[in-house]
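Survey of secondary and tertiary structure
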Amino acid sequence: LLDVPLGSALKLGVRRGDQEIPPVTLPFEAIPTNALARDRLGLEVGDVGDYEAGVVVRAVEGPAAKVGIQAGDVIVGLGSWRIRHTDDLLLFLQYVKAGDLVEVYVRRPGPEGARRAERELSGRLTAN
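Residues numbered from 1 in each chain as written. Predicted model: local features only at pLDDT ≥ 70, side-chain atom pairs only at ≥ 80, totals over all residues. Heavy atoms only, no water.

1. Focus on the overall build of the protein chain
From N to C terminus, the protein chain includes 3 helices and 8 strands. Helices and strands in the protein chain line up, N terminus first, as β-β-α-β-β-α-β-β-α-β-β. Relative to the globule expectation of 14 Å for 128 residues, the C-alpha radius of gyration of the protein chain, 19 Å, shows a markedly less compact shape. Dimensions of the protein chain along its principal axes, counting C-alpha atoms only, are 65 × 35 × 25 Å. (Helix = DSSP H or I, 4+ residues; strand = E, 2+ residues; numbered from the N terminus. Rg over C-alpha atoms; globule rule 2.2 N^0.38 Å.)

In structure tokens, the structure reads:
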């Protein structure tokens, strides 16, 4: 693991035998998962936890609000993609364009997390 602060840059070089390829400088920035989720689907999300798959909705607006997604819902699938954590969401969002129809699969926890009261919901939204 690298101990590099956000906003700094990494200088990487490659050496192949005696030949050295000129180094490249790469910015070390935060992964834009929430920015993409907000722009394309109208969601702000976070990982559910280590032992549970999905991403929990923290805030909702725009397209996601129109189909009834609420804060506290857990998104477990988008289209044919299984969403286990924010890394899966980021990969999915890279392929979504404005106007795309996205099928959303949600698990809505019951009162105080009661498993028996959970509901599974789905809907289709149009990406921004």
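This is not the end of the story, as more comes after the structure.
2. Examining the pairing of strand 1 (residues 9-16)
Side-chain positions along a regular strand alternate between the two faces of the sheet. Along strand 1, only 0 of the 8 residues are buried, which leaves the element largely exposed. Direction of pairing for strand 1 relative to strand 2 (residues 19-27): antiparallel, over a ladder of 7 bridges. Residue pairing across strands places Ala9 opposite Pro27, the latter belonging to strand 2. Joining the antiparallel neighbours strand 1 and strand 2 is a turn of 2 residues, in which Gly17 adopts a positive phi near 65°. (Buried < 20%, exposed > 50% of the residue type's maximum accessible area, 1.4 Å probe, protein only. Pairing = 2+ DSSP bridges.)

3. Focus: the packing of aromatic side chains
Enumeration according to the criterion identifies 2 aromatic pairs in this entry. Their ring planes at 75° and their centres at 5.7 Å tell us that Trp81 and Phe92 sit as a pair that is edge-to-face. Taken together, the positions of Trp81 in strand 6 (residues 81-82) and Phe92 in helix 3 (residues 86-93) put the pair 11 residues apart, joining distant regions of the chain. By relative accessible area, Phe92 is classed as buried at 9%. Among the residues examined, Trp81 registers a relative accessible area of 34% and is labelled partly exposed. Put simply, the rings of Trp81, Phe92 and Tyr95 touch in pairs and so form one group of aromatic residues. (Phe/Tyr/Trp six-rings, centres within 6.5 Å; stacked < 30°, edge-to-face > 60°.)

4. Remarks on a nonpolar patch on the surface
On the surface, a cluster of nonpolar side chains totalling about 240 Å² of accessible area is made up of Leu12, Val24 and Leu26. Examined against the element boundaries, Leu26 turns out to sit in strand 2. Classification of Leu26 as partly exposed rests on a relative accessible area of 38%. (Patch = residues over 30% accessible without salt bridge, like charges linked within 9 Å, V, L, I, M, F, W, Y side chains within 5 Å. Areas by Shrake-Rupley, 256 points an atom, 1.4 Å probe, with all protein chains shown as cover. Salt bridge = Lys/Arg side-chain N within 4 Å of Asp/Glu carboxyl O.)

5. Concerning the nonpolar core
One finds Leu43 and Leu78 to be the most contacted residues of the largest nonpolar core, which totals 22 residues. Every element with two or more residues in this core is listed here: helix 1 (33-41), strand 3 (43-47), strand 4 (55-60), strand 5 (74-78), helix 3 and strand 7 (101-108). Residues in contact with Leu78, not counting those within four places in the same chain, are Leu41, Ile83, Leu89, Phe92, Val102, Glu103, Val104 and Tyr105. (Core = buried A, V, L, I, M, F, W, Y, C linked by side-chain atoms within 4.5 Å. Contact = heavy atoms within 4.5 Å.)

6. Let's talk about the packing of helix 1 against helix 3
Relative to each other, helix 1 and helix 3 sit at 50°, their axes nearing to 10 Å. Comparing the axis directions of helix 1 and helix 3 gives the class oblique. Every pair of crossing elements has a handedness; the one defined by helix 1 and helix 3 is left-handed. Seen from helix 1, the contacting residues are Thr33, Leu36, Ala37, Arg40 and Leu41; seen from helix 3, they are Thr86, Leu89, Leu90 and Leu93. Of the residues that constitute the contact of helix 1 with helix 3, the class distribution is 6 nonpolar, 2 polar and 1 charged. (Axes fitted to C-alpha atoms, helices over the stretch in contact; angles between N-to-C directions. Parallel < 35°, antiparallel > 145°, perpendicular 65-115°, else oblique. Left-handed = near helix turned anticlockwise from the far one by under 90°. Nonpolar A, V, L, I, M, F, W, Y, C, P; charged D, E, K, R; others polar.)

7. Some words on helix 1
The complete set of buried residues in helix 1 reads Thr33, Leu36, Ala37 and Leu41. Taken down its axis, helix 1 places every buried residue within 100° of arc, on the same side. Those residues of helix 1 that are buried lie in contact with strand 3, helix 2 (62-66), strand 5, helix 3, strand 7 and strand 8 (119-126). Positive backbone phi, approximately 80°, marks Gly42, located one or two places after helix 1. (Arc of directions from axis to C-beta.)

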